Amino acid sequence: MNVPHIPVLRLGRSYESLDKFEVKNHRTGELMATVSSVNAGIIRKDLGKLAAARASLKKFTCAQLIELSAKAGEHFLNGTLPFGDKGHTQTAQQYIETLSATSGLPHVMVKRNMAKIHHALTNMKTVLNGLSRGLDLSIIDAGYGEQFGTKLTFCPTTQALGLVMPSNSPAVNSLWLPAIALKTPVIIKPGKEEPWTPYRLIQAFIAAGVPAEAFGFYPTDHDGAGEILKSCGRALIFGDKNTMAQYANNPAIQLHGPGWSKVIIGEDCIENWRDYLDVIVGAISDNGGRSCINASAVVVPKYAAEIADALAQKLGPVQPTTPEDPNARLSGFANVKMADFIDAQIDDSLKTPGATDVTAKYRNGPRKATFEGGVYMRPTIVLCDSFQHPLANKEFLCPYASVVQVPQSEMLKQMGYSLAVAAITKDPGFTDQLLNWPEIERLNIGPISTMHVSWDQPHEGNMFEFLWKRRSLERGW
Amino acid sequence: MTTTVSPEAIKAAQAQLDAHLKEIIHWHFSPETGCPYWLDWMKTNFDPRKEISSFGDMLKFSHFADESLRDLQPEVWVPAEFKGKPFNIFETGGTTGMPKQRIGWNDFRVDYSEFSDKISDEHFPRGGAWLMMGPTGPRRLRLAIEHLANVRGSSCYFIDLDPRFVKKLISNKQFDVAKQYMAHVVDQAATILKHRKVSGLFTTPKLLEAIAEKVDLYEAGIRGVFCGGTSMKPQEVRFIVEELLEGRIGFYPTYGNTLMGLAASVPLLPEDNFSITYYAPQPRAVLRVVNPNKTDETVAYGEWGRVELNTLTKEFFMPRFLERDETIRRAPRAPYAWDGVGDVRPFGAMEKNIVEGVY
């Protein structure tokens, strides 16, 4: 049978480009699909037609789009959907196998990511209720109305939401899902190794009845990505520190950079640290350690060496498995150079005095491991003597965390920005400090993993406020 | 439309090339007609008049050292027959520092008069004005385009873009200034198109994209676009034809430079899949597609190789110059009874990311 081809989706028109790239099984090299790619010029041209794309969604009420989103959730989780333009289809199981083969995520993790996406789609009403603080969405439909005893008017901030997606974790697609129910077309540049999830989601929405004109799917190069960010009016980008620096201070671009998420234990709970080990292990290693909300540092006022050793005993022996293994905990690297880079950077930074790879003695082998043709990074716990050490506040695309001992009074000042913090403390004073600390985006108080996500609360920005803004309106008639 | 070329036509073209070559060799290596450079060369090498009787014999020459076009005074290239006649000095495209220079009198007129027969009156109406937006200055193209327009009874407006300045901006990482400069060039062209009746446009692919995003070219009166200057991958050609020109404006891609002249492309057929093939203005210039590691050998049809240029006119003789381009060797295709070059791109483009197309 011929190899599937994923076309460009140009706001309702499927387009096969003469420029294509191949997506291959990261272990066997088998060709999984070819993907059409276009230049920035085609994207620029299509962005001129966004008014029609937006009009295709405006015909629906938000309530109707919420219903269609729920249907899309079912199609995404269980459906057989079109897969490219050569007559192929894709079942849910085929999606799992394909995504796993090209991204390195084991099946069990793909399924968890699917469940997260499904949850976000089927609970869109709750999600939007949370993001809009209980707004009656018929006010969005009408453009104005009254609620909470006041007049309310909202106008869109943009014609479309642009997305430059990563390849590391499919659940990040959950971030853009509310855009459809909020009547905003999406213009997506998929990650090179992971075109599957956004493509399947688009097909799920279309199968549910959302107009194809609302979706742009543009595999493209660096210039094309820049065009999406520059011209969509509102856009999300995922990337490293350097990428983030390019777009800092641009309110039209929501940045999703490194999370530097952390688990911290207060002085009041530290004597019971053993009780929280499983939560910490999960925060570090769930989803293969690939998420920005995976903990990359454990900050404690005492027992750092003991805690690091206990974590290392649990995580150090974790080994690669087959992708089908239900107990798989590590993801393979589709981009082997990335694994080489991470391994070299950890080794290089360990040369700076003050840090120890505590996992080394429990690993019985190198950190970078090859298994059945795939390359994996085994978990690494590094004990650092201070936050000044280069490995103390680092984030890698694998189960990695530093353990740093800092007096509670110094923790917040020293640990810097964190996307997610699990703060294990009952101390009202410390809790109050945490609640008022602006450098934390998502705060879990108590033994709740940083990986726990509620989509009805903001995640590096509030999607409702990003796409709609309140303004004043006075009407004479 | 038939595109095949009969073996007889190919043979006739080879015979014509051999006869032309003999005449050119005799011209450049005879004291009464030749130029000082080649006459001096002959003193320390061999007498081509005795040893070159067919194009295959050109392998007796080593590759032309193009530094001599930069290092020597232009007078060394003046054939005796042209002595005392002022010449045009043309310089190569985006070179910074001392540029390479080719002198000439009438070659560009010959090339572009011939090219005029390859463009249709529908796309370039006779008498309709042209606009050239691209590198003018000391380049042969500036006069050539004006001559082409004139041959067709037309006049030409010019908007200059200095590729040397753009190259400097890019090497200094002044990308914002480069963008401003490009916008400045495009703004000037948009102004001309707004206030003057223009039907033919010469420009480069990047500038074409920029002007097409600013101006509805068809509505502005443009019916034909003649494009060159940088490589164009098939998808880029398709983008230009379908998205920028929307199938309503004729598109004529060309490959050429100061040293060769102009290689026209054959009209695209559906089976070409937007892959362009160019044919040199043989016998005045001959392109070979050679194995980069054994440049005496040509590659097979359909294979990639390096472009080797031979320029064979009475004004300029340049044997076996290795261009900084690579290409697919293509078979003869009507109306051309000699090899073509397809999907030309900078040499080594697959191995390294080459900054080209600064304009």
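Since the model is a prediction, treat every value here as computed from it, not as a measurement.

## Some words on the pattern of salt bridges
So, point 1. Using the criterion set out here, one finds 52 salt bridges over all chains in the structure.
So, point 2. Note that Lys45 of chain A and Glu246 of chain B form a salt bridge whose closest N and O atoms lie 3.1 Å from each other. Of the two residues, Lys45 of chain A is situated in helix α1 (residues 40-47) and Glu246 of chain B in the loop between α10 (234-244) and β7 (250-257); the pairing between them involves two chains.
So, point 3. Judged by its relative accessible area of 40%, Glu246 of chain B falls in the partly exposed class.
So, point 4. For Lys43 of chain B, the salt bridge goes to Asp40 of chain B, with nearest N and O atoms at 3.1 Å. Note that Lys43 of chain B and Asp40 of chain B are positioned in helix α2 (residues 36-44) at a spacing of three residues, about one turn of the helix.
So, point 5. Taken together, the salt bridges that share partners define one network made up of Arg10, Lys45 and Asp46 of chain A together with Asp216, Glu243, Glu246 and Arg248 of chain B.

## So, the domain arrangement of chain A
Residue and element names in this part refer to chain A.
So, point 1. For chain A, the assigned domains are domain 1 (5-257 + 460-471) and domain 2 (261-445).
So, point 2. If you average the C-alpha positions of domain 1 and of domain 2, the two centres end up 30 Å apart.
So, point 3. Contacts between domain 1 and domain 2 engage 19 residues on the former and 26 residues on the latter.
So, point 4. Here domain 1 packs against domain 2, burying approximately 1700 Å² in sum over the two surfaces, 48% of which is carbon and sulfur.
So, point 5. Counting the contacts that link domain 1 with domain 2 gives one salt bridge.
So, point 6. A salt bridge links Arg27 to Glu372; the shortest N-O distance between them is 3.3 Å.
So, point 7. Put simply, the parts of the chain that give the side of domain 1 that touches domain 2 at least two residues each are α4 (92-103) and α5 (107-122).
So, point 8. A total of four residues in the side of domain 1 that touches domain 2 trace back to one element, the largest contributor, which is α5.
So, point 9. When the residues that make up the side of domain 1 that touches domain 2 are grouped by side-chain class, the tally is four nonpolar, 12 polar and three charged.

## A few points about unusual backbone geometry
All names here are of chain B.
So, point 1. Between Gln282 and Pro283 the backbone carries a cis peptide bond, its omega angle lying at 10°.
So, point 2. By the element assignment, Pro283 lies in the loop between β9 (277-279) and β10 (285-291).
So, point 3. The omega torsion of the bond from Ala334 to Pro335 falls at 10°, within 30 degrees of zero and hence cis.
So, point 4. With respect to the helices, strands and loops of the structure, Pro335 is situated in the loop between β13 (317-330) and β14 (340-346).

## Focus: helix α10 (residues 222-231) of chain A
Residue and element names in this part refer to chain A.
So, point 1. Listing the buried residues of α10 in full gives Gly224, Ala225, Glu227, Ile228 and Leu229.
So, point 2. Looking at the buried side of α10, the elements it contacts are α1, β10 (160-164), β11 (186-189), β13 (233-238), α11 (241-247) and β14 (253-256).
So, point 3. The backbone nitrogen of Asp223 has a side-chain oxygen 3.2 Å away, supplied by the residue at the start of α10, namely Asp221.
So, point 4. Among the residues trailing α10, Gly233 stands out with phi positive, at a value near 90°.

## A few points about the nonpolar core
Residues and elements named next belong to chain B.
So, point 1. Grouped together as the largest cluster of nonpolar side chains are 99 residues, with contacts concentrated most on Trp38, Phe61, Leu208, Ile211 and Leu217.
So, point 2. For this core, the element with the highest residue contribution is helix α8 (residues 175-195), accounting for six residues.
So, point 3. Residue contacts for Trp38: discarding those within four places in its chain leaves His28, Phe29, Phe61, Phe64, Trp77, Phe317 and Pro319.

## Some thoughts on the interface of chain A and chain B
So, point 1. Contacts between chain A and chain B engage 13 residues on the former and 12 residues on the latter.
So, point 2. For the pairing of chain A and chain B, the buried interface totals around 1000 Å² over both sides, and the portion due to carbon and sulfur atoms is 41%.
So, point 3. Three residues, Tyr15, Leu18 and Lys45 of chain A, lead the burial of chain A against chain B; their summed loss comes to 48% of the area buried on that side.
So, point 4. Counting every contact that joins chain A to chain B gives six salt bridges.
So, point 5. A total of four residues in the side of chain A that touches chain B trace back to one element, the largest contributor, which is α1 of chain A.
So, point 6. Classifying every residue of the side of chain A that touches chain B by side-chain character gives four nonpolar, three polar and six charged.

## A few points about helix α6 (residues 140-151) of chain B
All names here are of chain B.
So, point 1. Helix length check: α6 (12 residues) gives 16 Å between terminal C-alpha atoms against 16 Å at 1.5 Å per residue, within 8%.
So, point 2. Among the residues of α6, Arg140, Ala144, Ile145, His147, Leu148 and Ala149 are the ones counted as buried.
So, point 3. Looking one or two residues beyond α6, the residue adopting positive phi is Gly153, at roughly 75°.

## A closer look at the sheet that holds strand β4 (residues 20-24) of chain A
Residues and elements named next belong to chain A.
So, point 1. One open sheet holds the three strands; their spatial order is β1-β5-β4, and the pairing between them is mixed. Both outer strands of the open sheet, β1 (5-6) and β4, are each paired with one neighbouring strand and no more.
So, point 2. As paired elements, β4 and strand β5 (residues 31-36) share five bridges and run antiparallel to each other. Along β5, the bridge assignment pairs Phe21 with Val35.

Quick notes on the rules
- Residue numbers here run from 1 along each chain, matching the order of that chain's written sequence.
- Chains carry letters from A onward and ligands carry numbers from 1 onward, assigned in written order.
- Local features in this predicted model are restricted to residues of pLDDT 70 or higher, and side-chain atom pairs are both shown and tallied only at a pLDDT of 80 or more, whereas totals for entire chains, interfaces and linings draw on every residue.
- The side-chain values count all of the structure's non-hydrogen atoms but skip hydrogen atoms and water molecules.
- Just to be clear on terms, a salt bridge is a Lys or Arg side-chain nitrogen sitting within 4 Å of an Asp or Glu carboxyl oxygen.
- We count a stretch as a helix when DSSP gives it H or I for four or more residues in a row; a strand needs E for two or more, and each element gets its number in order from the N terminus.
- Only protein chains enter the area calculation, which uses a 1.4 Å probe; residues under 20% of their type maximum are buried, those over 50% are exposed, and those in between are partly exposed.
- What counts as a domain boundary in this text is fixed by an automatic or database domain assignment.
- The contact definition used throughout considers only heavy atoms, calling two residues in contact when any of these lie within 4.5 Å.
- By buried area we mean the combined loss of accessible area, with a 1.4 Å probe, across both parts when two parts are placed together.
- The residue classification treats Ala, Val, Leu, Ile, Met, Phe, Trp, Tyr, Cys and Pro as nonpolar and Asp, Glu, Lys and Arg as charged. All others, Gly included, are polar.
- Polar contacts here mean pairs of N or O atoms no more than 3.5 Å apart (in protein, one a potential hydrogen donor and the other a potential acceptor; neighbouring residues in sequence count only if both atoms are side-chain atoms).
- Only buried residues count toward a nonpolar core. Its members are Ala, Val, Leu, Ile, Met, Phe, Trp, Tyr and Cys residues joined through side-chain atoms within 4.5 Å.
- An expected span of 1.5 Å times one less than the residue number is assigned to each helix.
- Strands qualify as paired when DSSP identifies two bridges or more between them.

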